[in-house]
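# Coordinate analysis (summary)
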Amino acid sequence: MMAENISIIRGKLQAASMEELPVLFSAYETDERAGVQAEISKAKKRLLSYEKERKRTEELKRYEREYAAYTHICGIDEVGRGPLSGPVVAGAVILPKDCDILYINDSKKLSEKKREELYEVIMEKAVAVGLGYSTPERIDEINILQATYEAMREAIGKLSVTPDILLNDAVTIPEVKIRQVPIIKGDAKSISIGAASIVAKVTRDRLMVQYDEVYPEYGFASNKGYGAQAHIAALKKYGPCPIHRKTFIKNFCEV
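Heads up: these notes are all about the structure in this document.

Each value, and the rule that gives it
- Residues numbered from 1 in each chain as written.
- Predicted model: local features only at pLDDT ≥ 70, side-chain atom pairs only at ≥ 80, totals over all residues.
- Heavy atoms only, no water.
- Buried < 20%, exposed > 50% of the residue type's maximum accessible area, 1.4 Å probe, protein only.
- Helix = DSSP H or I, 4+ residues; strand = E, 2+ residues; numbered from the N terminus.
- Pairing = 2+ DSSP bridges.
- Expected span 1.5 Å × (residues − 1).
- Polar contact = N/O pair within 3.5 Å; in protein donor to acceptor, adjacent residues only side chain to side chain.
- Phe/Tyr/Trp six-rings, centres within 6.5 Å; stacked < 30°, edge-to-face > 60°.
- Lys NZ or Arg CZ within 6 Å of the ring centre and 35° of its normal.
- Core = buried A, V, L, I, M, F, W, Y, C linked by side-chain atoms within 4.5 Å.
- Contact = heavy atoms within 4.5 Å.
- Salt bridge = Lys/Arg side-chain N within 4 Å of Asp/Glu carboxyl O.

### Quick notes on the pairing of strand S3 (residues 128-134)
The element S3 is largely enclosed, with a buried count of five among its seven residues. With seven bridges joining them, strand S2 (residues 88-94) and S3 adopt antiparallel strand pairing. Bridge pairing in S3 links Ile94 to Ala128.

### Structural notes on helix H7 (residues 144-157)
Taking 1.5 Å of rise per residue, 14 residues should cover 20 Å, and H7 covers 20 Å from first to last C-alpha, within 8% of that figure. The N-cap residue of H7 is Asn143: its side-chain oxygen and the backbone nitrogen of Leu145 are 3.0 Å apart.

### Describing the packing of aromatic side chains
One pass over the full model with this rule turns up three aromatic pairs. Summarising the aromatic geometry, the rings of Tyr67 and Tyr70 are spaced 6.4 Å apart at their centres and angled 55 degrees between planes, so their arrangement reads as tilted. Relative to Phe220, the ring of Tyr218 lies with its centre 5.4 Å away and its plane at 15 degrees, an arrangement referred to as stacked. The residues Tyr218 and Phe220 share a single accessibility class, namely buried. Linked through ring pairs, Tyr218, Phe220 and Tyr238 together constitute an aromatic cluster. Lying across the ring of Phe25, Lys44 places its NZ or CZ 5.5 Å from the centre. In this structure, Arg206 packs its charged tip against the face of Tyr119, placed 4.5 Å from the ring centre.

### Describing the nonpolar core
One finds Val93, Leu95, Ile101, Ile104, Leu118, Ile122 and Ile198 to be the most contacted residues of the largest nonpolar core, which totals 21 residues. Of all the elements in the fold, those that place two or more residues in this core are S2, helix H5 (112-125) and helix H8 (191-214). Contact partners of Ile122, with chain neighbours within four places excluded, come to Val93, Ile101, Ile104, Ala195, Ile198 and Val199. The next biggest cluster of nonpolar side chains, apart from the first, holds 20 residues, and it includes Ala90, Ile144, Val171 and Val176.

### A closer look at the pattern of salt bridges
For the structure on display, the rule yields 18 salt bridges. Note that Glu53 and Arg56 form a salt bridge whose closest N and O atoms lie 2.8 Å from each other. With a gap of three residues between them, Glu53 and Arg56 both fall in helix H3 (residues 34-59), about one helical turn apart. The class for Arg56 is partly exposed, based on a relative accessible area of 24%. Close ionic contact of Arg115 with Asp205 constitutes a salt bridge, the shortest N to O distance being 3.6 Å. With Arg115 in helix H5 and Asp205 in helix H8, this residue pair connects regions lying 90 residues apart in the sequence.

Without other data, these values stay purely geometric and don't point to any function.
This is how it looks when you write it as C-alpha cells:
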C-alpha cells in the first residue's frame, strides 16, 4: 500500500481542530518519514500553544468565578485618557457565563489585527455591550477623570441587560448604585474587563482614523491622538483643530 503523500498529511494536520489533532498524531506516529514527523512536531507545538492559552484564559476568569453568584457580571474599562485629542471612550461588556473566547487581554498587549478579530467575536458572543463617550469639550470642561466617569456611566446605561455587579479597571465610578469591584490592572486580570478594553480601544481607534480624513495634518490614523513627536510638530505648525483638548496642549501651542 502506497504511503500517503506528505502534503496531504500536512493539509489534514493544518485543517484539524484541536480536539482532532491527538487522533491524527496516533494515526501517523509510526510513519518514519522525516517530513511527516516534522509536520507532526509543528502541529504538537500548535496544540501546546492552544492548551497554554486555554489555561491562561481560565486564570483570567478568576474574578468571574469569585462573583459567580451574580447573574450578569459586567466588565468596564476606558481608552483615551492620555491623548491630546479625541474623545475618551468607555466600554461595558457582559460576557456569557460559559464564555469560550480565547486571547482576550489588556488591549495594549494585543496587536491591532488581533484586537480587530477579537472585537468581532466579542460583539457576536457577548450578552450585552455598551459604549460611552466624552468629547474633548467635555474633558476640558470638567477634567479628564470626571469625563471618564461620565463615559463609564453612559456605557453602563447603554447596556441592553442591567448588570448585577461591575468589575472595573482600577476605579470606583461615582453615582452608580450597582455594586462595584475595582481591580488594579483589571484589563489583564479579568476576562470581562479585558473584553471591555478591547471594545473601547477598537471603537476609539476607528474614530481617530475617521478624524484623520477630516484633519489629515496631525496623523491621527497612526498616532490616535497621542503625543507622538510628529503630532506635536503639527500642533506647533498648524495650531489645534476642533478635536484637540485645550487643557492638554497648552505646553505646545496657543489655545
